[in-house]
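In case you want the letters, here they are:
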Amino acid sequence: MGFACSELCGCEGKCTNSVLMIPNKRLFPIEMFRSNEKLGFGVRSSVLIPAGTPVTEFVGEIIGEQIDIENTNWNNIEYAYQVTYVKDDVLKQLVDQTNFSKNYKGLLKDLYANISYYLDPTVCGNYARMASHSCAANMDLVRIFQKSLSPAHIHLVMVAVTDIFPGTPITIDYGNDNATRLKNKFECGTFVCANGAE
């Protein structure tokens, strides 16, 4: 979890203390490719992406649902990424430590109490939705709050966790819920693969 400056800050959003600055500049050329019909499209960059670099934002429509992952009828669940969790104690403690009004704190806690929020990129997403799965991913998704702590103010930023060399597929870990739901479909072939290395 992190925070980004905005026009509401004392710097009016003009400082360099914003993790969203690099993704918004789109410094890394990204191309779609398909090397395996079974796995679908992937994305890669034609230039080196250094470890620790925020590369792009995973964007989509905010969906607030009380979802049972294994028994849902929501068709887009495979593409969506969960950004809040009902039992997110760290976020609840953070809300308590703010100087927001008592009413606003109560509203935020109510928003997070019983509903998990997801970003669904199916209709209004970007190329980040095509990042391939890997149990040993080269990108991690980081929640960045800007302006407030509400679900509407969450940015999900993809950050390189290792140097990504030109032509290497950009990968994220789809998570344990997807590993359970899509059992026997994970084919990353890494030594830590949920389905065993190939």
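Residues numbered from 1 in each chain as written. Predicted model: local features only at pLDDT ≥ 70, side-chain atom pairs only at ≥ 80, totals over all residues. Heavy atoms only, no water.

**Brief notes about the side chain of Gln82**
Note that Gln82 resides in strand E6 (residues 81-82). At 3.2 Å, the side chain of Gln82 forms a polar contact with the side chain of Ser116. (Helix = DSSP H or I, 4+ residues; strand = E, 2+ residues; numbered from the N terminus. Polar contact = N/O pair within 3.5 Å; in protein donor to acceptor, adjacent residues only side chain to side chain.)

**Details of the side chain of Arg143**
Its place among the elements puts Arg143 in strand E9 (residues 139-146). From its side chain, Arg143 meets the backbone oxygen of Val83 in a polar contact 3.1 Å long. Excluding residues that lie within four positions of it along the chain, Arg143 makes contacts with Met1, Gly2, Val83, Thr84, Asp88, Leu91, Ile154, His155 and Leu156. (Contact = heavy atoms within 4.5 Å.)

**Describing the packing of helix H2 (residues 89-97) against helix H3 (residues 102-113)**
Packing of H2 against H3 leaves a shortest axis separation of 10 Å and a crossing angle of 170 degrees. By the angle class used here, H2 and H3 are roughly antiparallel. Residue-level inspection shows Leu91, Lys92, Val95 and Asp96 of H2 in contact with H3, the latter providing Lys105, Leu108, Lys109 and Tyr112. Looking at the contact of H2 with H3 residue by residue, the classes come out as four nonpolar, no polar and four charged. (Axes fitted to C-alpha atoms, helices over the stretch in contact; angles between N-to-C directions. Parallel < 35°, antiparallel > 145°, perpendicular 65-115°, else oblique. Nonpolar A, V, L, I, M, F, W, Y, C, P; charged D, E, K, R; others polar.)

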